[in-house]
Amino acid sequence: MQCWAQRLFGTWARHRTAKGGWKAASSISASRSTVTVDGPGGVCQSKAERRSEPAQAPPAGSQRPVLPPAAPPPPPPLPPRQAVGSRSSQIAQGPNQSIPHQEKHPFGALRVECKEEGQPHELQHWNDSCKLLTKQLNEVDVHLLPTQQQQEQKQWLTDNLKPLLERHTGGVLQMFGSCANGFWMNGSDVDACLVVRRCTSRQSWFTKLRLVQCLVERECMGTAQIVRGARVPVAKLHDQKGAELCDVSVNNVAALENSRFVGILAQLDPRVQQLGRFIKHWASRRRINNRSEGTLSTYTLILQLCYFLQTREPPVLPRVTDLLIDPLAGQAGSRSVNTTVPGPEMDDASGELRQLPFLTDVATIQKERRFFQEDRNTESCGQLLHGFFQFWGQELFRGGGEEGGQTVMVYDGSRELNDLGVLVMRCPLTGKNVNPFTTTVWWAIHAEFERAATLLSQQRSLAELCEAAGESPAGCGPRGVQ
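Now for a look at the structure at hand. (Residues numbered from 1 in each chain as written. Predicted model: local features only at pLDDT ≥ 70, side-chain atom pairs only at ≥ 80, totals over all residues. Heavy atoms only, no water.)

### As for the nonpolar core
Right, on to step 1. Ranked by internal contacts, the top residues of the largest apolar core, which has 68 residues, are Phe-261, Phe-278, Trp-282, Phe-389 and Trp-392.
Right, on to step 2. Looking at this core, the elements that each hand over two or more residues are α3 (122-144), α7 (253-268), α8 (270-285), α9 (298-310), α11 (362-367), α12 (381-392), α13 (439-457) and α14 (462-465).
Right, on to step 3. Contacts of Trp-392, omitting those with residues within four sequence positions, involve Gln-304, Tyr-307, Phe-308, Phe-397, Val-408, Leu-423, Met-425, His-446 and Phe-449.
Right, on to step 4. The next biggest cluster of nonpolar side chains, apart from the first, holds 27 residues, and it includes Cys-179, Trp-205, Ala-235 and Cys-246. (Core = buried A, V, L, I, M, F, W, Y, C linked by side-chain atoms within 4.5 Å. Buried < 20%, exposed > 50% of the residue type's maximum accessible area, 1.4 Å probe, protein only. Helix = DSSP H or I, 4+ residues; strand = E, 2+ residues; numbered from the N terminus. Contact = heavy atoms within 4.5 Å.)

### Some remarks on the packing of α12 against α13
Right, on to step 1. Axis separation between α12 and α13 bottoms out at 8 Å; the angle between their running directions is 135°. By the angle class used here, α12 and α13 are oblique. As α12 runs across α13, the sense of the crossing is left-handed. The residues of α13 that touch α12, namely those facing Leu-385, His-386, Phe-388, Phe-389, Gln-390 and Trp-392, are His-446, Phe-449, Ala-452, Ala-453, Leu-456 and Ser-457.
Right, on to step 2. For the contact of α12 with α13, the per-class residue count stands at 8 nonpolar, 4 polar and no charged. (Axes fitted to C-alpha atoms, helices over the stretch in contact; angles between N-to-C directions. Parallel < 35°, antiparallel > 145°, perpendicular 65-115°, else oblique. Left-handed = near helix turned anticlockwise from the far one by under 90°. Nonpolar A, V, L, I, M, F, W, Y, C, P; charged D, E, K, R; others polar.)

### Some points on the packing of α8 against α12
Right, on to step 1. Where α8 meets α12, the axes come as close as 11 Å, and the angle between the chain directions of the two elements is 45°. By the criterion of interaxial angle, the relationship of α8 to α12 is oblique. Crossing of α8 against α12: the hand is right-handed. When α8 is examined against α12, the residues Arg-271, Gln-274, Leu-275, Phe-278, Ile-279 and Trp-282 are found in contact with a partner set consisting of Cys-381, Leu-384, Leu-385, Phe-388 and Phe-389.
Right, on to step 2. Of the residues contributing to the contact of α8 with α12, the split by class is 9 nonpolar, 1 polar and 1 charged.

Shown next, in the form of structure tokens:
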């Protein structure tokens, strides 16, 4: 820090420089290099003296030659992204020094990299890994899509079975499930529902299903088997060669609405369908996608995917409350569409289904800007798939013990603790638990999510991720044994 005499001298020098030009400036520069001033703290030296070797002051009255100002030394190299003239830019660095570059790892670890030394870049490594995972996912998805034969069979059912049943039952045959909501896969069956007015009792459903059986066999379309013990009675139709055609139920209105709801979300982003198909494939290979065995239903898996995509930052999918026709209806503290908009799902007298209380057209959703904002999620399918398994593989969702389980609501994107010790997935339309589990089975299912997250973190292939499991976690024995 300069003393008071130096500051006074500097002011005088600048004044003389302005009046005397180059010669005066030269004289000042030369004389300034040796000036000494006695002050209260002793001798106060100039900066030039501190940078040079100590020298004795000349005798009083002696004259020094006037020299031109010495060229200033070259400035030290500036560190990257430093503003010229800033204090940090004045710090000289050695020839082997480099500025460490810090990047935050996507999952929280901080990686310090010296670019000049060529150390691996953690973020670049992560991006390359996700690109490879996305490429694998695209290759697998080609084989998961429904075949041309499936498409032709579905069209045959529409052209032949649908008019036959509607003509003789007085109802309307509507397809639902994966064949209608965008998650149809190679090998998946076709689900159809016969919507009939004034047909509300279980016994009346069986009556209609027997009629379906008679019509299919009379028209030589194949055979039909009525499954009475199912939660929702169905007639399983097979062709003359024994190949499965479709499952027909009666007035399964909740399934119809669920299918329409899932189909709307699937249309909002193309990544949703691809992720959903692979997750279904993985769950089937690991034997945790069979509701009859007590494991995950396909609807539960899709709701898990939807909730995960709702909670990304920024989100990929909207909450159901964002799509309600009346936005204020979702602010009343309700947890499902049916409690928000009460009323029957079907008019029993006419057989007409109610109009859904949320937006169903993607163009309208975009136009009203209910969800799509400027900050959109741009993660790749590989990043989202890895995140999905990491999310559901968290210890938070394992449940059991004193921690309890988690209840998840796709309706408003929230979750809360429960005392059941398992995952409770609430249907956004009805508010019901769509997939009750025993604690043992849920622990086994959660272990599969943990396994998948670990394998992907180790950059293992999707083929290894989907390696066929020997037994079902529900204890139903090896594959093929029921």
